[in-house]
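This is what each chain is made of:
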Amino acid sequence: MRLGNVKSHFFPIMLGISVGLSALSAVIYHTDAFSYIYDAAANIVTPVEKLTIGIRQACENTVSYFADVGQLRRENEQLIEDNARLLAQTRANASLAEENEWLRKFLGLKNERTEMEFVDAKIVARDIGFIRTFTLDKGSMHGISENMPVITEDGLIGLVTEAGISTSRGISLINNNMSVGVYMERTMTSAVLTGSFDLYSDGLCKVINLPSDAEVYVGDMVYTSGYGSIYPKDIVVGTVVSVEPNPENYTLSAIVQPAADVNLADYVMVVTESETLYE
């Protein structure tokens, strides 16, 4: 085909196509065909749009969730820190209150027992094994030495057995090798109190070799007698909880519950001097 023939037919063809498209558009616009096409397009576009919106909302919710979780975590960590700080402060206040109460009792006892000199100390360790011992936070530099009685406001706990420079060790009243001169308050009967293997696990000790006709009853109070050059007079030792006969030597033993418990005491007093000691 010649080029001239092509050019001669091109413009009539394009004109026909334009007229046809215009007519088609007019027909579609003025008939229901347009709505059908619009609905078809909407049916395709709407789910995609909803999916897109759903994905965007899910992403926003996820970001918001993790942001909230992070905020909650930070708030929780802050609460934990605040609680720990408050707990530490509460414990410190309780410890201070306990120490203040102890100092009040300590000063009260010093004013009451002016015949004795004391050094206040704290129990920093305990051994409640076969031999019940304890460690104090004061030693020779504070005036403490061996064979000094250890007491609380409740009564006698034990005896210092070793004195280092800044700490010392003591032994409990209920140990088998302990021996204390005592008297029974109600009858003023003098006797000796000792520890016992049989009573050790129960935290008890006993007054031995009381006369068989001694009037000893449950509830009687036992005090130090001052004899023996170690324990000053009139320190509470404990209370009689039972009385047992000894058929072999026709005597009585009074089982005693100590007034002070080394397992419960935190603060003690060491008697460094006393005017009520007798050989």
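Here the residue numbers are simple positions, counted from 1 along each chain's written sequence. Where totals are concerned, whole chains, interfaces and linings use all residues; where local detail is concerned, this predicted model gives features only for residues with pLDDT of at least 70, and gives and counts side-chain atom pairs only at 80 or more. Only heavy atoms go into the side-chain values, all of them from the structure, while hydrogens and water stay out.

1. Observations regarding the sheet that holds strand β8 (residues 205–211)
- Spatially, the six strands close up into a barrel ordered β6-β7-β8-β11-β10-β9, and their pairing is antiparallel. Each strand of the sheet is rotated relative to its neighbour by a mean of 40°, with strand direction disregarded.
- The pairing of strand β9 (residues 221–224) with strand β10 (residues 236–246) spans three bridges and is classified as antiparallel. When the bridges of β10 are listed, valine 222 appears paired with glycine 238. Between any two strands, pairing holds if DSSP finds at least two bridges. For the purposes of this entry, the term helix denotes a DSSP run of H or I that reaches at least four residues, the term strand denotes a run of E that reaches at least two, and both are numbered from the N terminus. Orientation is described by axes fitted as lines to C-alpha atoms, over the contacting stretch for helices, and by angles from 0 to 180 degrees between their N-to-C directions.

2. Topic: the packing of aromatic side chains
- Centres within 6.5 Å are what make two rings of Phe, Tyr or Trp a pair, Trp counting through its six-membered ring; a difference in plane orientation under 30 degrees is then read as stacked, over 60 as edge-to-face, and the rest as tilted. In total, this model carries one aromatic pair according to the counting rule given.
- Ring centres of tyrosine 183 and tyrosine 223 lie 5.8 Å apart, and the angle between their planes is 20°; on these two criteria the pair is classed as stacked. Highlighted residues: tyrosine 183 in strand β6 (residues 179–184) and tyrosine 223 in strand β9, separated in sequence by 40 residues. A single burial state applies to tyrosine 183 and to tyrosine 223, both of which are buried.
- Directly above the ring of tyrosine 200 sits arginine 132, whose terminal nitrogen or CZ lies 4.8 Å from the centroid. Partly exposed describes any residue whose relative accessible area lies between the buried limit of under 20% and the exposed limit of over 50%, with all areas from a 1.4 Å probe on protein chains only and scaled to the type maximum. Lysine and arginine charges are scored as sitting over a ring when NZ or CZ, respectively, is within 6 Å of the ring centre and within 35 degrees of the ring normal.

3. What about the nonpolar core?
- The set of buried Ala, Val, Leu, Ile, Met, Phe, Trp, Tyr and Cys residues whose side-chain atoms join them within 4.5 Å is what this entry labels a nonpolar core. Formed by 29 residues in total, the largest nonpolar core has its most connected members in Ile151, Leu173, Val182, Leu193, Val207, Leu210 and Val222.
- Within the residue set of this core, elements represented by two or more residues are β1 (116–128), β4 (156–163), β6, β7 (189–194), β8, β10, β11 (251–258) and β12 (267–274).
- Whether two residues touch is decided by their heavy atoms; if any such pair falls within 4.5 Å, the residues are in contact. Residues in contact with valine 182, not counting those within four places in the same chain, are Thr189, Ser190, Ala191, Val192, Leu193, Val207, Val222, Tyr223, Thr224, Ser225 and Val237.
- By size, the runner-up hydrophobic cluster in this structure holds 15 residues, among which are Leu136, Ile144, Val150 and Val270.

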